[in-house]
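Below are the chains, spelled out letter by letter.
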2 protein chains.
Amino acid sequence: MVKNVLRSTYVVCLVCSTSILLNLLLIINNYVAAQWTLSLSRGWSSRAAAEAEAVAEISCSGHGIASLDGFFGDGNEPVCECNTCYKGPDCSNFIPHCTANADCGDPLFLEPFWMQHSTSSALVVSGWNRMSYTYNDNTFFSQQLERLIHKLHAFVGNAITRNRYIVFGAGSTQVLSAAAYALSLQNTSSQSPTRVVASIPYYTLHKDQMEYFNSEKFKFEGDPYTWKNRSDGTADVIEFVTTPNNPDGRLSGAILDGPNVKTIYDRAYYWPHFTPIPAPADEDLMVFTLSKLTGHAGTRFGWAVIKDETVFNRMVTHMKMNSLGVSKDAQFRAFKLLKALLEEGTGIFDFAYRTMKRRWERLAATISSSNRLSLQKINPQYCSFYNEVREFSPAYAWLKCESEEDKDCYEVLKAANIIGRRGNVFGSEDYYVRLSLI
Amino acid sequence: MVKNVLRSTYVVCLVCSTSILLNLLLIINNYVAAQWTLSLSRGWSSRAAAEAEAVAEISCSGHGIASLDGFFGDGNEPVCECNTCYKGPDCSNFIPHCTANADCGDPLFLEPFWMQHSTSSALVVSGWNRMSYTYNDNTFFSQQLERLIHKLHAFVGNAITRNRYIVFGAGSTQVLSAAAYALSLQNTSSQSPTRVVASIPYYTLHKDQMEYFNSEKFKFEGDPYTWKNRSDGTADVIEFVTTPNNPDGRLSGAILDGPNVKTIYDRAYYWPHFTPIPAPADEDLMVFTLSKLTGHAGTRFGWAVIKDETVFNRMVTHMKMNSLGVSKDAQFRAFKLLKALLEEGTGIFDFAYRTMKRRWERLAATISSSNRLSLQKINPQYCSFYNEVREFSPAYAWLKCESEEDKDCYEVLKAANIIGRRGNVFGSEDYYVRLSLI
């Protein structure tokens, strides 16, 4: 009897629990898939469009730009933000004795191209656009943008991407460290941290990031030549190869190889406006960035093309741990810009090559008349994109002061009001200075 | 005589060098401050605006959204991307026996608010907008956005930001790890890695990030109670305090104090729609995120409010090393959304509180009739924003299975087609499950 009572209580309890769980399911389903009536006001984008067009019409004499998220005047209207060396309400006043800053790799040389293609590159974003952490397929990365990237590489012929994985990051900056983390996790053959190396002169970020993150898994160990043909050939190594190289623009290759060597190819500058494209690159891990392709450094969008699925998955994990993926706004902007770029065919490359070549030739002509200064020399090569032998038109001049007394070349230039970037920043001697041409 | 010849050669050489440097200066100044004629086509934003408005008009029955960077049909027109549990061309078909997914903290409950405020939140971006790495003041962070953030906190009264530094990151995710790096560099009193702790139940990212980055400078060491009143009081400690807490919504405080203890306050949920605001927070380092304020998780935008200049500078360095700052597109979106939010006064908080409270009350009413399940209880408090005593309306239900046999509460719910997040993910027991209400 007692047993029966207990059993029936249990049955009633199960029933009531089940109905509670059912109610819970209903409540959650009700708000997860909540329905609302879309009552959009007509022409909801008109006000924003009018504001954006009005601010674009503000004349800053070609020496500045006014922006909606920039500075505002007393009357609460946007005002010009002038480029270095210019001032005044419309940026028309040149500042005398202004220092020429060629330090930074800010790719503003493409600004005029996008002004000329204002219609195809304009972006309108609704307030409710892409609010979720993920896209509809539960990933952090836009499939449509990935498709465009495949199409872009196929069009330019600078990388094999068929049957490759693609991961996005906040500029190549985030992608490069993700790659180092992923590959150092793969290297499990020894207990010691993976050696990370890069040939001198190297892009200083490779060193700075490895030292900054200070992981137990990797250590920056300088130039790969130090480790070539060494007896401790079982040590795990990651070699960064920037090609074309930053700072000197050379199409360099890896120094080290072997079963314990992994290579990260930084291909930021492997576009037809900086270098001939001899053939599509097909390395295990290649990194690209919007910054040096379309000039949108501020958008912070880069990507890696990866052969190995495990490495890909680890890089996705890195992006998750670091920033829960990449800004959907940055991805949407990149999508719109690449779509516009592809609509224009070779347009952007023609424009960018003309600009870079003109700058390089003027600089080279000036330096050639000097025996105090010299520039890197790179022989022309066949470019498959333009189907002809072409000169290099590098993003940076790798300037050398030739005289013994000019061993601090940076100071020599600075005295002449020119700011470059010191050779030692690239692991090199201070006879060298990098001057940005972009 | 020979001496004189040498001297004159040297003088000539100097003169020629000087003219080369002058030419160099001219060349660089010429392209750095290049002038171009702005020849914008009129109405350059019309096409993009028409496309955006057309895609917004596509009806997905309130159970999905079509996007310009989303999926396209055979006729190359955007199609609906349906929410979980719905399918069909207009997402009108409910999928029978669909599992209710309450795992993720995706704040989609604010989507309808932004649809209702489509005009003020619309964003139009020109192709040449913010291409540079930096803003005009050479920083990675928009001054105008920073101003809005000060204004926002002053309006809500949830944080003191006057005379504080503000740093931006890709969501609170990136800001939190930046804070841990910055504070662990500050702790130099001992050689051992800084202990990182968080009270159980804790937001799992605090543990996961510390373990993932694997820095020599810090180690995740679990619950702060383990280290309270311990004799080794000189060890460096960082305590993460999430308040209101994720998962249980409590307004918790720090457990540890002392000269070697630094505290990072994760204040993601300290907004009037989730919790009463007893007083403005005024901690040394507080972290906020757009995601839980406006619902734009996908934008990846968070910020820290910091008292100490050195900590601020280190966090800026972190953002530089990690991703060269924060996407300008994400910052522009955040700017536009916060501007729209402030234009609406208490609108967003009223809307969000109503929604959250309704969900919480229905859930609480259902659970209260059960003795198999229970919910966290938090007493009402005075809210300075609404100037009244208010109930909590937490972002998550911290559900407990009360019976011994339900020790795997996640599985109990899963059997009823409800997906939550396991208690052990938060360092807790598996009698607990977190259900998202947002």
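Of chain A, the UniProt comment under Cofactor (unreviewed entry) reads exactly: "pyridoxal 5'-phosphate". The Sequence similarities (unreviewed entry) field of the UniProt record for chain A holds the comment "Belongs to the alliinase family."

Here the focus is the interface of chain A and chain B. Listed per partner, the contact involves 149 residues of chain A and 148 residues of chain B. Among the residues chain A hides against chain B, the three largest losses belong to Asp-69, Met-131 and Tyr-212 of chain A. Together they make up 6% of the total. Seen at the junction of chain A and chain B, the total is eleven salt bridges. Residues Arg-47 of chain A and Glu-343 of chain B are paired through a salt bridge, measuring 3.6 Å at the closest nitrogen-oxygen approach.

All names here are of chain A. Reading across the sheet, the four strands line up as E14-E17-E20-E19 and stay open at both edges, with antiparallel pairing between neighbours. Looking at strand neighbours, the two that pair on one side only are strand E14 (373-374) and strand E19 (421-422), the edges of this open sheet. Sheet topology note: the E14/strand E17 (residues 396-401) ladder contains two bridges and is antiparallel. The residue of E17 that forms the bridge with Leu-373 is Cys-401. Sheet contacts for helix H11 (residues 347-368): E14 and E17; angle to E17, the most-contacted strand, approximately 10°.

With that settled, the discussion passes to the relation of the copies chain A and chain B. Of the transformation placing chain A onto chain B, the axial shift is 0.0 Å and the rotation is 180°, giving an RMSD of 0.0 Å. Here the transformation between the copies is reduced to the relation of a two-fold axis. A shared binding surface is used by both copies, with 99% of the interface residues of chain A retained as interface residues in chain B.

This part is about empty space enclosed by the protein. What the rule picks out here adds up to seven cavities of 30 Å³ or more. The wall of the largest cavity is formed by 14 residues, among which Ala-170 and Ser-327 of chain A together with Ala-170, Val-326 and Ser-327 of chain B lie closest to the centre. Tallied by class, the residues present in the lining of the largest cavity amount to four nonpolar, eight polar and two charged.

This next bit is on the pattern of salt bridges. Tallying each qualifying case throughout the model produces 39 salt bridges over all chains. Linking Glu-51 of chain B and Arg-47 of chain B is a salt bridge whose minimum nitrogen-to-oxygen distance equals 3.7 Å. Linking Glu-51 of chain B with Arg-47 of chain B, this pair stays in helix H2 (residues 46-57), spanning four residues, or about one helical turn. Judged by relative accessible area, Arg-47 of chain B falls into the partly exposed class, the value being 37%. Its salt-bridge partner being Asp-248 of chain B, residue Arg-250 of chain B comes within 3.5 Å of it at the nearest N-O pair. Residue classification places Arg-250 of chain B among the partly exposed residues on the basis of a relative accessible area of 35%. Note on Asp-248 of chain B: relative accessible area 6%, which makes it buried. Within this structure, Arg-164, Asp-282, Asp-284 and Lys-307 of chain A form a network of salt bridges that share partners.

What follows covers the packing of aromatic side chains. Inspection of every chain in the model, using the stated rule, returns 53 aromatic pairs over all chains. Arranged with centres 5.6 Å apart and planes meeting at 75°, the rings of Tyr-212 of chain A and Phe-213 of chain A form a pair that is edge-to-face. In this structure Tyr-212 of chain A comes out as buried when scored by relative accessible area, which is 14%. A relative accessible area of 0% places Phe-213 of chain A in the buried class. Within the aromatic cluster, the residues linked to one another by ring pairs are Phe-141, Phe-155, Phe-168, Trp-271, Phe-288, Phe-301, Trp-303, Phe-349, Tyr-353, Phe-385 and Tyr-386 of chain A. Positioned over the ring face of Trp-227 of chain A is Arg-195 of chain A, at 3.7 Å from the centre of the ring. The ring of Tyr-386 of chain B carries the charged tip of Arg-390 of chain B above its face, separated from the ring centre by 3.7 Å.

Turning next to the sheet that holds strand E13 (residues 302-306) of chain A. The pairing of strands in a sheet comes from backbone hydrogen bonds and takes either a parallel or an antiparallel form. Residue and element names in this part refer to chain A. Taken together, the seven strands give an open sheet; going across it, the order is E7-E13-E12-E11-E10-E8-E9, and neighbouring strands pair in mixed fashion. Two strands close off the open sheet at either side, each with one partner strand: strand E7 (165-169) and strand E9 (218-220). The sheet shows a mean angle of 25° between the axes of neighbouring strands, direction not considered. The sheet strands contacting helix H5 (residues 143-156) are E7, strand E12 (285-289) and E13, and the helix crosses E7 at an angle near 115°.

Residues and elements named next belong to chain A. Taking 1.5 Å of rise per residue, 15 residues should cover 21 Å, and helix H9 (residues 309-323) covers 21 Å from first to last C-alpha, within 8% of that figure. Every buried residue of H9 is accounted for by Val-311, Phe-312, Met-315, His-318, Met-319, Met-321, Asn-322 and Ser-323. Backbone nitrogen of Thr-310 and a side-chain oxygen of the N-cap are separated by 3.0 Å at the start of H9; the cap is Asp-308. Backbone geometry just after H9 places Leu-324 at a positive phi near 45°.

The subject of this paragraph is the UniProt feature "domain: Alliinase EGF-like" (unreviewed entry) in chain A. Those residues carrying the UniProt feature "domain: Alliinase EGF-like" (unreviewed entry) are residues 44-98 of chain A in this numbering. For residues 44-98 of chain A, the helix share is 22%, the strand share is 15%, and the end-to-end C-alpha distance is 45 Å.

Turning next to the domain arrangement of chain A. All names here are of chain A. Here the domain parsing of chain A yields domain 1 (1-33), domain 2 (55-98), domain 3 (143-343) and domain 4 (360-436). Computed from C-alpha coordinates alone, the two centres of domain 3 and domain 4 are separated by 25 Å. Contact residues are listed per partner, giving 23 residues for domain 3 and 22 residues for domain 4. Between domain 3 and domain 4, roughly 1900 Å² of surface is buried when both sides are summed, and carbon and sulfur atoms account for 60% of that area. In terms of surface lost to domain 4, no three residues of domain 3 exceed Pro-247, Phe-274 and Pro-276, which account for 27% of the buried area on that side. Seen at the junction of domain 3 and domain 4, the total is zero salt bridges. Linking domain 3 with domain 4 are nine residue pairs in polar contact (both at pLDDT 80 or more). For the side of domain 3 that touches domain 4, the per-class residue count stands at 14 nonpolar, six polar and three charged.

Let's shift gears to the state of the cysteines. Residues and elements named next belong to chain A. All chains considered together, the criterion is met by eight disulfides over all chains. The disulfide partner of Cys-82 is Cys-91, and the gap between their sulfur atoms is 2.1 Å. With the S-S bond torsion at -90°, the cross-link from Cys-82 to Cys-91 turns out left-handed. Residue Cys-82 shares its accessibility class with Cys-91, and that shared class is buried. By sequence order of its bonded cysteines, chain A has the disulfide arrangement 1-2, 3-5, 4-6, 7-8.

Here we come to unusual backbone geometry. With an omega of -5°, the peptide bond running from Ile-200 of chain B to Pro-201 of chain B counts as cis. Here the residue pair Thr-243 of chain B and Pro-244 of chain B is connected by a cis peptide bond, since its omega of 0° sits within 30 degrees of zero. With respect to the helices and strands, Pro-244 of chain B occurs in the loop between strand E10 (237-242) and strand E11 (261-266). Although it is not a glycine, Cys-91 of chain A sits at a positive phi angle of roughly 60°. When you line up the elements, Cys-91 of chain A lands in the loop between strand E3 (86-87) and strand E4 (93-94). Its identity is not glycine, yet Asn-138 of chain A carries a phi of approximately 65°, on the positive side. Tracing the backbone through its elements, the reader meets Asn-138 of chain A in the loop between strand E6 (123-125) and H5. Accessibility expressed as a relative area gives 65% for Asn-138 of chain A, which makes it exposed.

Rules used throughout
- Residues numbered from 1 in each chain as written.
- Chains lettered and ligands numbered in written order.
- Predicted model: local features only at pLDDT ≥ 70, side-chain atom pairs only at ≥ 80, totals over all residues.
- Heavy atoms only, no water.
- UniProt positions renumbered as here; feature names shortened; annotations may be inferred.
- Contact = heavy atoms within 4.5 Å.
- Buried area = accessible area lost by both parts, 1.4 Å probe.
- Salt bridge = Lys/Arg side-chain N within 4 Å of Asp/Glu carboxyl O.
- Pairing = 2+ DSSP bridges.
- Helix = DSSP H or I, 4+ residues; strand = E, 2+ residues; numbered from the N terminus.
- Axes fitted to C-alpha atoms, helices over the stretch in contact; angles between N-to-C directions.
- Least-squares fit on C-alpha atoms with pLDDT ≥ 70 in both.
- 1 Å grid on protein atoms, 1.4 Å probe; cavity = no way out; pocket = protein on both sides within 12 Å on 5 of 7 lines; lining within 4 Å.
- Points joined across faces, edges and corners; volume = space filled by probe spheres on them.
- Nonpolar A, V, L, I, M, F, W, Y, C, P; charged D, E, K, R; others polar.
- Buried < 20%, exposed > 50% of the residue type's maximum accessible area, 1.4 Å probe, protein only.
- Phe/Tyr/Trp six-rings, centres within 6.5 Å; stacked < 30°, edge-to-face > 60°.
- Lys NZ or Arg CZ within 6 Å of the ring centre and 35° of its normal.
- Expected span 1.5 Å × (residues − 1).
- Polar contact = N/O pair within 3.5 Å; in protein donor to acceptor, adjacent residues only side chain to side chain.
- Domains from an automatic or database assignment.
- Disulfide = S-S within 2.5 Å.

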